[in-house]
Amino acid sequence: MSVFKIGKVVMGSLFKKPATLMYPVVPREWQERTRGHIDINEPDCILCGMCMRKCPTNAITVDRDAHTWVIQRMKCIQCGCCTDNCPKKCLTMAQTYTAPSVTKVIDTFEIPQKEKAAGGGAADGKLQNNQDECIYCGICAKNCPQEAIEVNRDEKSWKLDEDKCVKCGLCTEKCPKKCLEIK
Amino acid sequence: MSYVAKSPWIIHYDGSSCNGCDIEVLACLTPMYDVERFGIINTGNPKHADVFMITGAVNERNKAVIKQIYDQMPEPKVVVAIGICACSGGIWEECYNVLGGIDKVIPVDCYIPGCAARPEAIIDGVVAGLGVLAGKRERMEKGLDPEGTDEAAPEAAVGAPAGTETAEAEKEAE
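What counts and how
- Residues numbered from 1 in each chain as written.
- Chains lettered and ligands numbered in written order.
- Predicted model: local features only at pLDDT ≥ 70, side-chain atom pairs only at ≥ 80, totals over all residues.
- Helix = DSSP H or I, 4+ residues; strand = E, 2+ residues; numbered from the N terminus.
- Rg over C-alpha atoms; globule rule 2.2 N^0.38 Å.
- Buried ≥ 20, exposed ≤ 12 C-beta atoms within 10 Å, placed from the backbone.
- Contact = placed C-beta atoms within 7 Å.
- Pairing = 2+ DSSP bridges.
- Right-handed = clockwise from strand over helix to strand, strands pointing away.
- Expected span 1.5 Å × (residues − 1).

Caption draft 1: Representation of the overall build of chain A within the structure. Counting its secondary structure elements, chain A contains six helices and nine strands. Its C-alpha atoms give chain A a radius of gyration of 25 Å, clearly above 16 Å, the size a compact globule of 183 residues would have. For chain A, the spread of C-alpha atoms along the principal axes amounts to about 90 × 40 × 30 Å. Counting every position in chain A, which comprises 183 residues, the buried fraction comes to 26%. Of the contacts made within chain A by residues no fewer than 6 positions apart, 69% connect residues no fewer than 24 positions apart.

Following this line, the structure appears as structure tokens:
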């Protein structure tokens with residue numbers, strides 16, 4: 001009987017597919033949800049800096065003056081905090097892993113300035129508050145990535161620093177009374 | 001991989017890693033990724049090793065151990081930092097007891113990012129490291145310091161990406 005057992009193993013070894021993936025020769029196919037590296041769609045970025053503040057490893061630097069979005073590839077842990085918190089959803093998780101390198105790679109992306117101004121749409125309006133409905137809860141101020149909104153409950157005042165506002169729309173989403181609008 | 005003239009042996013050291021990257025290093029050695037077909041063997045002895053693979057960040061406790069293993073390895077040698085913690089300290093960078101990436105203690109020749117680093121990335125990174133190793137060996141044959149960067153600039157930095165390209169070209173050819 002042992003002959004049959006051994007024969008089965010031998011035949012199996014001869015005709016079964018090899019267990020090895022043969023990696024460098026056969027490229028790996030990634031799944032849809034594989035976390036590889038962070039990609040940015042530059043025209044959509046409003047440089048609000050939310051990704052920079054949420055990043056647990058400080059891998060991302062957003063420079064509003066220089067109009068750049070910089071990522072240190074050897075610091076990013078692909079947690080996806082930036083993609084989850086990006087108000088414009090311009091950050092995406094790509095499937096291919098970050099390439100190994102002999103240097104510490106730092107990728108700089110130029111964020112186009114003119115296109116944003118001429119692009120039209122909600123991002124170019126002005127944040128407006130319907131003060132008849134406002135309950136001065138302050139949720140907008142707490143969620144503002146730029147700390148552009150100041151709410152005082154006692155004096156029933158709502159102030160916006162227009163220079164700081166990046167029109168990300170986070171306050172309009174969070175407003176419980178829906179009295180905020182970007183027009 | 002045909003340009004690899006000698007079988008590079010590796011030594012793997014876990015410096016305060018969460019074991020995620022360690023598991024991936026070991027996955028490379030299992031039949032599934034099987035780097036042994038390229039002659040790569042995981043040796044426990046630094047005196048037999050060409051490639052020093054480190055996972056995890058450096059802290060005060062393992063600093064001396066890393067230095068000792070590095071010093072015991074014969075020239076030429078390359079250091080490969082695996083995972084974000086080994087590359088830069090990662091989420092532990094600002095911890096009071098963590099010094100940062102491996103490059104704070106010994107020179108690192110190749111960085112493999114990832115949390116955890118994927119076996120494919122580790123294989124690519126070691127191939128890039130072998131390019132550096134070849135460059136260092138050439139320098140030694142010329143009688144130069146393998147770690148130096150003086151005259152007859154080592155092809156190390158140039159050789160590594162070229163090596164990766166060769167692997168990719170082979171992939172495409174297949």
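Caption draft 2: Inspection of the pairing of strand S1 (residues 9-14) of chain B at higher detail. Residues and elements named next belong to chain B. Direction of pairing for S1 relative to strand S2 (residues 41-42): parallel, over a ladder of two bridges. Looking at the pairing, Trp9 lines up with Ile41 of S2. Regarding the hand of the β-α-β motif, the stretch spanning S1, helix H1 (residues 20-29) and S2 is right-handed. Relative to strand S3 (residues 51-55), S1 runs parallel, the two sharing five bridges. What sits directly across from Ile11, in S3, is Phe52.

Caption draft 3: Examining helix H4 (residues 119-141) of chain B more closely. Residue and element names in this part refer to chain B. The end-to-end C-alpha separation of H4 is 32 Å, in line with the 33 Å expected for 23 residues at 1.5 Å each. In terms of burial, H4 is largely enclosed, as 19 of its 23 residues are buried. Just past H4, the residue Gly143 takes up positive phi, approximately 85°.

Coordinates in, geometry out; function isn't part of it.
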